[in-house]
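Architecture and fold: a report
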Amino acid sequence: MHKAWLVAKHEYLHNVKKRSFLFGAFGVPIVIVALIVIVGAIAVDSETNIEQVGMVGYVDEAGILSEAID
């Protein structure tokens, strides 16, 4: 059992020093948070700037909603 712990310790210390491990552990979460912030900022900007979105409407070819909206 002692040798298994030595192998596990060696593998852990060997992998923690790699750039790929550090990127996966720290870089990927930072990129995900940055994307969430960017998408959120774009969504808030599009909701507050109605002129940029343009006219919004509906087409009721079946005539179902005409009585409800009048």
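The rules behind each value
- Residues numbered from 1 in each chain as written.
- Predicted model: local features only at pLDDT ≥ 70, side-chain atom pairs only at ≥ 80, totals over all residues.
- Heavy atoms only, no water.
- Helix = DSSP H or I, 4+ residues; strand = E, 2+ residues; numbered from the N terminus.
- Buried < 20%, exposed > 50% of the residue type's maximum accessible area, 1.4 Å probe, protein only.
- Areas by Shrake-Rupley, 256 points an atom, 1.4 Å probe, with all protein chains shown as cover.
- Contact = heavy atoms within 4.5 Å.
- Patch = residues over 30% accessible without salt bridge, like charges linked within 9 Å, V, L, I, M, F, W, Y side chains within 5 Å.
- Salt bridge = Lys/Arg side-chain N within 4 Å of Asp/Glu carboxyl O.
- pLDDT = per-residue confidence, 0-100.

**Things to note about the overall build of the protein**
- Of the regular secondary structure elements, the protein holds four helices and zero strands.
- Beginning at the N terminus, the succession of helices and strands in the protein can be written as α-α-α-α.
- Across the 70 residues that make up the protein, the buried fraction comes to 1%.
- Carbon and sulfur atoms make up 69% of the accessible area of the protein, which amounts to about 6800 Å² in all.

**Here's the deal with the environment of Val-16**
- Among the structural elements, Val-16 can be located in helix α1 (residues 2-16).
- Of the residues examined, Val-16 reaches a relative accessible area of 25% and is grouped as partly exposed.
- Once you skip the residues sitting within four places of it in the chain, Val-16 turns out to touch Phe-21 and Leu-22.

**Let's talk about a nonpolar patch on the surface**
- A surface patch of nonpolar side chains, amounting to about 410 Å² of accessible area, comprises Phe-21, Leu-22, Phe-26 and Ile-30.
- Counting through the fold element by element, Phe-21 comes out in helix α2 (residues 19-48).
- What makes Phe-21 partly exposed here is its relative accessible area of 37%.

**Considerations on the confidence of the model for the protein**
- Of the residues in the protein, 79% have a pLDDT of 70 or more, and the chain-wide mean is 84.
- Mean pLDDT across the elements of the protein ranges from a minimum in helix α4 (residues 66-69), with 62, to a maximum in α1, with 92.

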